[in-house]
Amino acid sequence: SNNGGSKKPALLLGRYEVGKLLGQGNFAKVYHARNVLTGDEVAIKVMEKEKIFKSGLTAHIKREIAVLRRVRHPHIVQLYEVMATKLRIYFVMELVRGGELFARVAQGRLREDDARRYFQQLVSSVAFCHARGVYHRDIKPENLLVDDAGDLKVSDFGLSAVADQMRHDGLFHTFCGTPAYVAPEVLSRRGYDAAKADLWSCGVVLYVLMAGYLPFQDRNLVGMYRKIHRGEFRCPKWFSPELKHLLRRVLDTNPQRRATADEIMDDAWFKIGFRRFSFRI
Ligand code: ADP
Ligand code: MG
């Protein structure tokens, strides 16, 4: 823009010119940026080091970052590089231009084919990361982005261990808006299998895409917790028997009984039109 002929000096971060704020989460701000050498556009996520130190997960996060930097998957937001200053850490990532998936759901529930395609993309990227020892721990609307082509891009993989720790420290309510996507065994703060907990969240996402509203809702949080613990949800009449069957397997409160990623990918409703990608890390 033209402010009296004199351009505002650009904020430079390494070789990146930092632009407008794209979004803000619980732990970070995400900015649009441009590589001044190549012109490539990226997203830069800025995290306060203090928040990571406080979480006591520095070593853990470093390990996950090391894995993430090598992960290449068509439906996972790619992490290009990590930079740090004294106070902050900067994650340079693939820029995703289509906004959050749930902005679409806010305009009404999705057609079954679209919901299935997003769920396939979500579960296959989650399975891909699980196989490499990386867990998401915070699968929820704000972390599901859509690219120009209308395909899903999962963001925040591995970086959400902080969110997880906060929950265990009892800081959950201050930092996260809603437990609506969190598995019952995570809410009860016992030890749990991070893979199974991620899959529960995928189940909640599928329900929301198909219904247009949350499966576990109540007048207050206590009521919502109770419903999650009991796995108490109803399917609207437009859910097919096959979809209901899959949802009951994924939203099973018993993590041992809950469907694994392989079982989900072998499900009749899931498999329609699904093609596994061939990719490498
Ligand atoms: P937090 O970990 O604090 O929740 P997020 O990584 O989820 O932060 O980012 C916050 C918001 O920034 C997201 O909800 C999204 O709107 C936007 N955002 C995040 N990553 C990207 C990206 N790679 N491209 C475009 N927008 C993004
Ligand atoms: Mg996030």
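Since the model is a prediction, treat every value here as computed from it, not as a measurement.

Criteria and cut-off values
Residues numbered from 1 in each chain as written. Chains lettered and ligands numbered in written order. Predicted model: local features only at pLDDT ≥ 70, side-chain atom pairs only at ≥ 80, totals over all residues. UniProt positions renumbered as here; feature names shortened; annotations may be inferred. Contact = placed C-beta atoms within 7 Å. pLDDT = per-residue confidence, 0-100. Helix = DSSP H or I, 4+ residues; strand = E, 2+ residues; numbered from the N terminus. Near = placed C-beta within 6 Å. Nonpolar A, V, L, I, M, F, W, Y, C, P; charged D, E, K, R; others polar. Pairing = 2+ DSSP bridges. Axes fitted to C-alpha atoms, helices over the stretch in contact; angles between N-to-C directions. Expected span 1.5 Å × (residues − 1). Buried ≥ 20, exposed ≤ 12 C-beta atoms within 10 Å, placed from the backbone.

Describing the UniProt feature "binding site: ATP" (unreviewed entry) in the protein chain
- As recorded in UniProt, the sites labelled "binding site: ATP" (unreviewed entry) are K45.
- Discounting residues that sit within four places of it in the chain, K45 has contacts with A28, V30, F91 and M93.

Notes on the confidence of the model for the protein chain
- Of the residues in the protein chain, 86% reach a pLDDT of 70 or more, and the chain-wide mean stands at 86.
- Across the protein chain, the secondary-structure element scoring lowest on mean pLDDT is helix 6 (residues 172-175), at 41, and the one scoring highest is helix 10 (residues 241-250), at 98.
- Predicted confidence is poor over residues 171-177, with pLDDT under 50, and the contacts of this stretch with residues over four places away or in other chains come to eight contacts.
- Across the predicted assembly, pTM comes out at 0.86 and ipTM at 0.94.

Observations regarding the site of ligand 1
- If you check the shell around ligand 1, you find 21 residues, and the closest are G23, G25, V30, A43 and E142.
- Of all the elements in the fold, those that place two or more residues in the shell around ligand 1 are strand 2 (16-24), strand 3 (28-35), strand 4 (41-48) and strand 6 (88-94).
- Among the elements that line the shell around ligand 1, the one with the most residues is strand 2, at three residues.
- When its residues are assigned to classes, the shell around ligand 1 shows 10 nonpolar, six polar and five charged.

Section: the sheet that holds strand 4
- Spatial strand order, 1-2-3-4-6-5: six strands in an open sheet with antiparallel pairing. At either end of the open sheet lies a strand with only one pairing partner, and these are strand 1 (11-13) and strand 5 (79-84). Neighbour-to-neighbour, the strand axes of this sheet turn through a mean angle of 40°, independent of strand direction.
- Judged from the five bridges that link them, strand 5 and strand 6 form a sheet pairing that is antiparallel. Across the sheet, the residue bridging to V82 is F91, located in strand 6.

Overview of helix 8 (residues 194-211)
- The first and last C-alpha atoms of helix 8 sit 26 Å apart over 18 residues, in line with the 26 Å expected at 1.5 Å per residue.
- Within helix 8, 16 of the 18 residues are buried, which leaves the element mostly enclosed by the surrounding structure.
- Where helix 8 terminates, the next one or two residues include G212, which has phi positive at roughly 90°.

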